[in-house]
Amino acid sequence: MADYDMTDLMLRLRDILSESSAVYWSDDELEDIINDVQREIAELAGCYQTIDSDLATVAATRTVSNLGACYRVNAVELIQSASRIALRKILPRQIGRVANLDQAAPQCWYEFGSTIGIDPLPAAEHTLHAYLTAPPPEISPAPNLQAGTEPEGVATDDFIYYLSDTKYAAAAVPAGTALTGSAIPLGKYGAWRLEIGADGTLDMVAATDNATGYASAALALAGLPTLQSAHVAVGTVTVTKSDGIFTPGTTSLTATGVTAAFTDDIDLATTPAIPKQFWLVLLLGALARALAKNPQTAAAAQMLETLYASEMRFHAYDFQEQAPDAYSDLRYE
Amino acid sequence: MWPSLADARARVRRRLHETTAAFWTDAQLNRLINAGALDVAAKTLCIENKDAAATTKATRTVGYSGFRVNFVEYVPTSGDPIGLHRILPRQIGRVKCDGAVPHYWCGWGDTILIEPLPAAVSNLNLYVADWPAALTSDADTLDATAGLPAEVHELVVDYATIWALVKDRKYAAALYRYASYVQRIQAARSLYIDRRSDTRADIVIPDRVEIQSGQRGGG
């Protein structure tokens, strides 16, 4: 458990709810509440900011429609080989009416629905970067790699992962996914990486030279092959056995003489993706929503909801209202 | 000894009238005290650190860790550092740049954007409002460990007390303390952090000073 990961967030929530383990509030319920409140904060405070650099205009098409999920487009930058310039934001009623539009390159943009429109009508493909406020990725419980209940395998808890912006859920594997490949010679190190794709199957991928073994755990990890395409890494395992060879899938990871190191390596938001100043606001909002479930604490929930709204406004203002410097801010006068 | 984690916890316990752990465990209060340090630092922006950073060639973004960047300084390979001008993303490419070195910056998510697009590695100093480090052992302190200045230490105890009272469903008492806490947070931010520079007018000895009726506490 790390500070403010899902386990820690639930622990802090349960501290105040005076329910140390799931009875009235299930873990799934609290996880949903925490992710719902995080999304709400990101939406209302505009605090999860990203840059979509995969955008391009299409010749003779006004709209650019492959925007990633976003709440709002804040700025659009035209990427050219010699220069980069932010486009002017307009409204659709100004299309064709903005001065100096005799150039072929995009000059202005507007937001409409889930697309942005470009003026003048693009005559060719142009690369754009968009500065977005977007929904944050869900906070996922860590996969928490460890020796399985069948100790020749590597157990994982349930977790979520994303492939090409699509969310997938992986179920817990308490028995463990078996290590594969060649045996590790006595005293040498071997490494494996657990990978997962869209089909939800956990693949155990061995380092290329496990059969010879590596002189250290770090060298073994460096020997792992490139990640399979359309897969994400879940975690890594290194193993050494001081009193014999280690046979993957046969030797127990908890056997005498075996030293196994498990590392979660998933590229996921295991802590809230919104800025850190909003993390306690997130807990406050989640506490209010959790207390609202119980009619006896509805009044308290209402009070906390008010505090939550006020705290969110404070931080949202602080986060958003960073005005540009005026020349007078820099001069001594 | 104040302001250690053990002493902060003892202060919270005195306010809660529970001198030894019963309804509130030490671990729970430690979590609340650390959350208090985070809340106070987030609201007052009082942990001020100067972090070195560098641009990457052809990459506009520079990452940082902390609540936010307040100022950015460009450090040339020779000559004196110079403060950069803050802009907004919509001003990219529309501001005057004299050469290819960093002139402007703006915050975006957990990065800052540099204008013009860096043509090479350039060194920067980032004046950051930072996160507090966690207090993990009883001897860890709010100043040396967490990095909080002395003027806000008591606020951390206030925060922990408020949420401990919520756990005990003493909502009215918690709300009273919360109102006082917010007021003192705002005062700390205004007194110690929200600064402005002197103008020439500020440092000139005035010809005469007039104090209007009512400006000296109702005189």
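One can find the structure itself at the top, above this paragraph.
Described below are features of the structure shown in this document. (Residues numbered from 1 in each chain as written. Chains lettered and ligands numbered in written order. Predicted model: local features only at pLDDT ≥ 70, side-chain atom pairs only at ≥ 80, totals over all residues. Heavy atoms only, no water.)

### Structural notes on the interface of chain A and chain B
Stage number 1. Contacts between chain A and chain B engage 47 residues on the former and 45 residues on the latter.
Stage number 2. Summed over both sides, the interface between chain A and chain B buries roughly 4,300 Å², with carbon and sulfur atoms accounting for 58% of that surface.
Stage number 3. When the shortest N-O distance is used, the salt bridge between A:Glu311 and B:Lys43 registers 2.7 Å.
Stage number 4. Here chain A and chain B share 15 residue pairs in polar contact (both at pLDDT 80 or more) between them.
Stage number 5. At the level of secondary structure, the elements contributing two or more residues to the side of chain A that touches chain B comprise helix 1 (6–17), strand 1 (49–56), strand 3 (72–79), strand 4 (84–86), strand 8 (127–133), helix 4 (279–291), helix 5 (298–320) and helix 6 (327–330) of chain A.
Stage number 6. Element by element, the count of residues in the side of chain A that touches chain B is highest for helix 5 of chain A, at nine residues.
Stage number 7. Considering only residue class, the side of chain A that touches chain B consists of 25 nonpolar, 10 polar and 12 charged. (Contact = heavy atoms within 4.5 Å. Buried area = accessible area lost by both parts, 1.4 Å probe. Salt bridge = Lys/Arg side-chain N within 4 Å of Asp/Glu carboxyl O. Polar contact = N/O pair within 3.5 Å; in protein donor to acceptor, adjacent residues only side chain to side chain. Helix = DSSP H or I, 4+ residues; strand = E, 2+ residues; numbered from the N terminus. Nonpolar A, V, L, I, M, F, W, Y, C, P; charged D, E, K, R; others polar.)

### Focus on the sheet that holds strand 9 (residues 146–147) of chain A
All names here are of chain A.
Stage number 1. One open sheet holds the three strands; their spatial order is 9-10-13, and the pairing between them is antiparallel. Pairing within the sheet leaves two strands with one partner each, and these edge strands are strand 9 and strand 13 (173–178).
Stage number 2. When strand 9 meets strand 10 (residues 153–156), the two strands line up antiparallel, connected through two bridges. Directly across from Ala-147, in strand 10, lies its bridge partner Val-154. (Pairing = 2+ DSSP bridges.)

### Here's the deal with the state of the cysteines
All names here are of chain B.
Stage number 1. Applying the stated criterion to the full structure yields zero disulfides over all chains.
Stage number 2. Free of any disulfide, Cys-97 has its nearest cysteine sulfur in Cys-106, 12 Å distant.
Stage number 3. Owing to a relative accessible area of 2%, Cys-106 belongs among the buried residues under this scheme. (Disulfide = S-S within 2.5 Å. Buried < 20%, exposed > 50% of the residue type's maximum accessible area, 1.4 Å probe, protein only.)

### Points about helix 2 (residues 26–44) of chain B
Residue and element names in this part refer to chain B.
Stage number 1. Here helix 2 is 19 residues long and its end C-alpha atoms lie 27 Å apart, about the 27 Å a rise of 1.5 Å per residue gives.
Stage number 2. Judged by how many residues are buried, helix 2 sits mostly within the fold: 17 of 19 residues are covered.
Stage number 3. Among the residues trailing helix 2, Leu-45 stands out with phi positive, at a value near 55 degrees. (Expected span 1.5 Å × (residues − 1).)

### Considering the pairing of strand 15 (residues 202–206) of chain A
Stage number 1. Across five bridges, strand 14 (residues 189–197) of chain A lies against strand 15 of chain A in antiparallel orientation. Directly across from A:Ile196, in strand 15 of chain A, lies its bridge partner A:Leu202.

### Structural notes on unusual backbone geometry
Stage number 1. Between A:Asp119 and A:Pro120 the backbone carries a cis peptide bond, its omega angle lying at -5 degrees.
Stage number 2. With respect to the secondary-structure elements, A:Pro120 resides in the loop between strand 7 (115–119) and strand 8.
Stage number 3. Omega for the peptide link from B:Glu115 to B:Pro116 comes to 0 degrees, which places this bond in the cis form.
Stage number 4. For A:Tyr4, which is not glycine, the phi torsion reads 65 degrees and is therefore positive.
Stage number 5. What makes A:Tyr4 buried here is its relative accessible area of 5%.
Stage number 6. Here the phi dihedral of B:His17 falls at roughly 60 degrees; this positive angle occurs in a residue that is not glycine.
Stage number 7. Tracing the backbone through its elements, the reader meets B:His17 in the loop between helix 1 (5–16) and helix 2.
Stage number 8. Residue B:His17 is classed as exposed on the basis of its relative accessible area of 75%.

### Regarding empty space enclosed by the protein
Stage number 1. Across all of its chains, the model carries four cavities of 30 Å³ or more by this definition.
Stage number 2. The computed volume of the largest cavity comes to approximately 230 Å³.
Stage number 3. Lining the largest cavity we find 17 residues, and of these A:Ile16, A:Leu280, A:Leu283, B:Tyr159 and B:Trp163 sit closest to its centre.
Stage number 4. Only helix 1 and helix 4 of chain A together with helix 2, helix 3 (153–167) and helix 4 (171–193) of chain B provide two or more residues apiece to the lining of the largest cavity.
Stage number 5. Within the lining of the largest cavity, the residues separate by chemical class into 12 nonpolar, no polar and five charged.
Stage number 6. One number sums up the size of the second largest cavity: a volume of about 70 Å³. (1 Å grid on protein atoms, 1.4 Å probe; cavity = no way out; pocket = protein on both sides within 12 Å on 5 of 7 lines; lining within 4 Å. Points joined across faces, edges and corners; volume = space filled by probe spheres on them.)

### Things to note about the layout of surface pockets
All names here are of chain A.
Stage number 1. The computed volume of the largest pocket comes to approximately 1,300 Å³.
Stage number 2. If you trace the largest pocket, you find 46 residues lining it, with Tyr-48, Gln-49, Thr-50, Pro-135 and Pro-137 closest to the centre.
Stage number 3. Elements that contribute at least two residues to the lining of the largest pocket include exactly strand 1 and strand 11 (159–163).
Stage number 4. For the lining of the largest pocket, the element with the highest residue contribution is strand 1, accounting for six residues.
Stage number 5. Taken together, the residues that form the lining of the largest pocket break down as 26 nonpolar, 13 polar and seven charged.

### Examining the pattern of salt bridges
Residue and element names in this part refer to chain B.
Stage number 1. As enumerated under the stated definition, the model contains 34 salt bridges over all chains in all.
Stage number 2. Close ionic contact of Arg-195 with Glu-48 constitutes a salt bridge, the shortest N to O distance being 2.9 Å. Here the residue Arg-195 occupies a position in the loop between helix 4 and helix 5 (200–203), and Glu-48 occupies one in strand 1 (residues 48–54), the gap between them amounting to 147 residues.
Stage number 3. Residue classification places Arg-195 among the exposed residues on the basis of a relative accessible area of 56%.

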